[in-house]
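Structure assessment
Take a look at the letters that make up each chain.
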Amino acid sequence: MANRVLIVEDERDLSRVVAYNFQKEGFDVVVAFTGDQALRAVKEERFDLILLDLMLPDISGIEVCRKLKANPQTSQIPVVMVTAKGEEVDRIVGFELGADDYVVKPFSVRELILRTRSILRRADASTHAPDRFELGKLKVDRAAHRVWVEDKEVALTALELRLLVMLYDRRGRVQSRELLLDEVWGADTDVTSRNVDTHVKRVREKLGPAGEYIETVRGVGYRFRAESDT
Ligand code: CA
């Protein structure tokens, strides 16, 4: 089945070019010209990925992202932000809200399609996650709750394992502290984002040489390396 992409972009020429190229690559494409149209579209149809321009004529792309990520029906859809130079602050807010990637205008449509494919592959891999996985020095059996680093077993608490597995399943994508709080601890928690740092630190220490697979993304959160590089 073809992947369905929602392109949210008010610049007609640009949305036409992007839509054309995605269609040529076999994607099903829907275009929304305003934030409001985008939010209505996701209520009516299922999408595999949303390409979201941050500067929209009605509500901002950031606000659209916030609404998408706050709704359990749409929170899992990967969002790629389309930003302009000088929108770094919005980009950081977008990541905090759970956006997956961004491109800066003017961007190469070809590169955008490559990135989209890679995000979709990872999203697919995490929904069909196998019980066991191995990456470089790290081996995890999530069903048996067991972790090994360089074939030596490491004892993680249930929460630490959940944190590790969540970062791994979304490897290559930045996860904000807030998102980790929600997903690992659950929404009703007294835990603060500082506690997230403490837990990540502990997991890293326990993983020893494999601890470096969890990277810190300054000001935003954490990212599990896409590849072990070793
Ligand atoms: Ca725009």
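Everything discussed here concerns the structure shown above.
A brief report on the enclosed structure follows. As the structure is a prediction and not an experimental result, all values here were calculated from the model. (Residues numbered from 1 in each chain as written. Predicted model: local features only at pLDDT ≥ 70, side-chain atom pairs only at ≥ 80, totals over all residues. Heavy atoms only, no water.)

Attention now goes to the packing of helix H2 (residues 35-44) against helix H3 (residues 61-70). Any two packed helices are characterised by the angle at which their axes cross and by the distance between the axes. Direction vectors running N to C along H2 and H3 enclose 20°, while the axes themselves pass 10 Å from each other. What the angle tells us is that H2 and H3 run roughly parallel. Crossing geometry of H2 relative to H3 is assigned as right-handed. Facing Gly35, Leu39 and Val42 of H2, the residues of H3 in contact are Val64, Lys67 and Leu68. (Axes fitted to C-alpha atoms, helices over the stretch in contact; angles between N-to-C directions. Helix = DSSP H or I, 4+ residues; strand = E, 2+ residues; numbered from the N terminus. Parallel < 35°, antiparallel > 145°, perpendicular 65-115°, else oblique. Left-handed = near helix turned anticlockwise from the far one by under 90°. Contact = heavy atoms within 4.5 Å.)

Looking now at the side chain of Arg4. On the secondary structure map, Arg4 appears in strand S1 (residues 4-8). Judged by its relative accessible area of 17%, Arg4 is buried. Separated by 3.1 Å, the side chain of Arg4 and the backbone oxygen of Arg46 make a polar contact. Once you skip the residues sitting within four places of it in the chain, Arg4 turns out to touch Asp28, Val30, Glu45, Arg46, Phe47, Asp48 and Leu49. (Buried < 20%, exposed > 50% of the residue type's maximum accessible area, 1.4 Å probe, protein only. Polar contact = N/O pair within 3.5 Å; in protein donor to acceptor, adjacent residues only side chain to side chain.)

Moving on to the pairing of S1. Burial of S1 is extensive: 5 of the 5 residues sit out of reach of the surface. Burial along S1 is two-sided: Arg4, Leu6 and Val8 facing one way and Val5 and Ile7 facing the other are all buried. By the bridge criterion, 5 bridges tie S1 to strand S2 (residues 28-32) in an arrangement that is parallel. Its bridge partner being in S2, Leu6 is matched across the sheet by Val30. One crossover worth recording links S1 to the parallel S2 by way of helix H1 (residues 12-24), and it is right-handed. (Pairing = 2+ DSSP bridges. Right-handed = clockwise from strand over helix to strand, strands pointing away.)

So, about H3. Regarding H3, the residues found buried are Gly61, Ile62, Val64, Cys65, Leu68 and Lys69. Each buried residue of H3 sits inside an arc of 160° when the element is viewed along its axis, so together they form one side. (Arc of directions from axis to C-beta.)

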